[in-house]
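One letter stands for each residue in the lines below.
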Amino acid sequence: MFAVTVRFQIRDGMFETFMPLMIENARASLNEEAGCHRFDVCSDPGKPGEVFLYEIYDDAEAFQLHLKTPHFLSFDAQVSAMIAEKSVATYSKVSS
């Protein structure tokens, strides 16, 4: 398995627009990508504008395929101006 974490800081006033798009991207990833097994979208009212993702894929190749899907490319184009900061970390060994 291959894990991906992403932390977004959303620009002021954009959180309510960003979240439905993020949730739809997560849903599409889970429903349409055989290599995507988990896609959690997390937020905390105590951390305004911060969104944390936790994703699990079969392997790094499945994640790279995710980045090329029509739903991801559409999502990315729609939200790019809403994001003030983004950090991505990947983990190639996942133990349960």
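Keep in mind it's a predicted model, so treat the numbers as computed, not measured.

Novice: Help me out: how do you make sense of the overall build of the protein in this one?
Specialist: When its secondary structure is counted, the protein shows three helices and four strands. The linear arrangement of helices and strands in the protein, starting from the amino end, is β-α-β-β-α-α-β. Against the 2.2 N^0.38 benchmark of 12 Å for 96 residues, the protein shows a C-alpha radius of gyration of 13 Å, consistent with a compact globule. The principal-axis extents of the C-alpha atoms in the protein amount to approximately 35 × 30 × 20 Å. Here the protein holds 96 residues, and the buried ones make up 35% of them. Sequence-distant contacts in the protein: of pairs separated by 6 or more residues, those separated by 24 or more amount to 70%. Accessible surface for the protein amounts to roughly 5,700 Å². Of this, 54% is attributable to carbon and sulfur atoms. Computed over 8 positive and 14 negative side-chain charges, the inter-centroid distance for the protein is 4 Å.

Novice: I tried to follow the pattern of salt bridges on my own but got confused; where do I start?
Specialist: Think of it this way: side chains of opposite charge can pair up when their charged atoms draw near. All told, the structure shown has four salt bridges when counted by the stated rule. Across the pair Arg7 and Glu50 runs a salt bridge whose closest N-O atoms are separated by 3.9 Å. Remark: Glu50 occurs in strand β3 (residues 50-57) and Arg7 occurs in strand β1 (residues 2-10); sequence separation between them is 43 residues. When its relative accessible area of 22% is taken as the criterion, Arg7 is described as partly exposed. The class of Glu50 is partly exposed, set by a relative accessible area of 23%. A single salt-bridge network, built from bridges that share partners, covers Arg7, Glu50 and Glu85.

Novice: Can you walk me through helix α3 (residues 70-79) in this structure?
Specialist: One turn of the α-helix equals 3.6 residues, which is why residues spaced by three or four share an orientation. What α3 keeps buried is the set His71, Phe72, Phe75 and Val79. Down the axis, α3 shows its buried residues gathered within 95° of arc, on one side only. Among the exposed residues of α3, those oriented more than 90 degrees off its buried face are Pro70 and Ala77. On its buried face, α3 is in contact with α1 (15-32), α2 (60-66) and β4 (83-91).

Novice: I'm lost on the nonpolar core in this one. Help?
Specialist: Generally speaking, nonpolar side chains in soluble globular proteins are found buried as a group. Grouped together as the largest cluster of nonpolar side chains are 21 residues, with contacts concentrated most on Phe8, Phe18, Met22, Phe39, Val51, Leu53 and Tyr57. Listed by contribution, the elements that provide at least two residues to this core are β1, α1, β2 (36-43), β3, α2 and α3. If you tally residues by element for this core, the top one is β1, at five residues.

Novice: I'm lost on the environment of Met82 in this one. Help?
Specialist: Mapping Met82 onto the fold places it in the loop between α3 and β4. When neighbours within four sequence positions are excluded, Met82 is seen to be in contact with Gln9, Ile10, Arg11, Met14, Thr17, Phe18 and Leu21.

Quick notes on the rules
- Sequence order as written defines the numbering, with residues in each chain counted from 1.
- The predicted origin of the model limits local features to residues at a pLDDT of at least 70 and limits the giving and counting of side-chain atom pairs to 80 or more, whereas totals for whole chains, interfaces and linings rest on all residues.
- Computation of side-chain values: all heavy atoms of the structure, hydrogens and water removed.
- Numbered from the N terminus, helices here are DSSP runs of H or I no shorter than four residues, and strands are runs of E no shorter than two.
- The size measure is the radius of gyration over C-alpha atoms, and the globule rule it meets is 2.2 Å times the number of residues to the 0.38 power.
- Residue exposure (1.4 Å probe, protein chains only): buried if accessible area is under 20% of the type maximum, exposed if over 50%, otherwise partly exposed.
- Any two residues whose heavy atoms approach within 4.5 Å at even a single point are treated as in contact.
- A 1.4 Å probe and the Shrake-Rupley method give the accessible areas. Residues count as covered only by the protein chains that appear here.
- In this tally, Asp and Glu contribute negative charge and Lys and Arg positive charge; neither His nor the terminal groups of the chain are included.
- The atoms used to mark charge sites are NZ of Lys, CZ of Arg, CG of Asp and CD of Glu.
- Here a salt bridge means any side-chain nitrogen of Lys or Arg lying within 4 Å of a carboxyl oxygen belonging to Asp or Glu.
- It is the directions from the helix axis to the C-beta atoms that the arc portrays.
- What we call a nonpolar core is a set of buried Ala, Val, Leu, Ile, Met, Phe, Trp, Tyr and Cys residues that are connected through their side-chain atoms within 4.5 Å.

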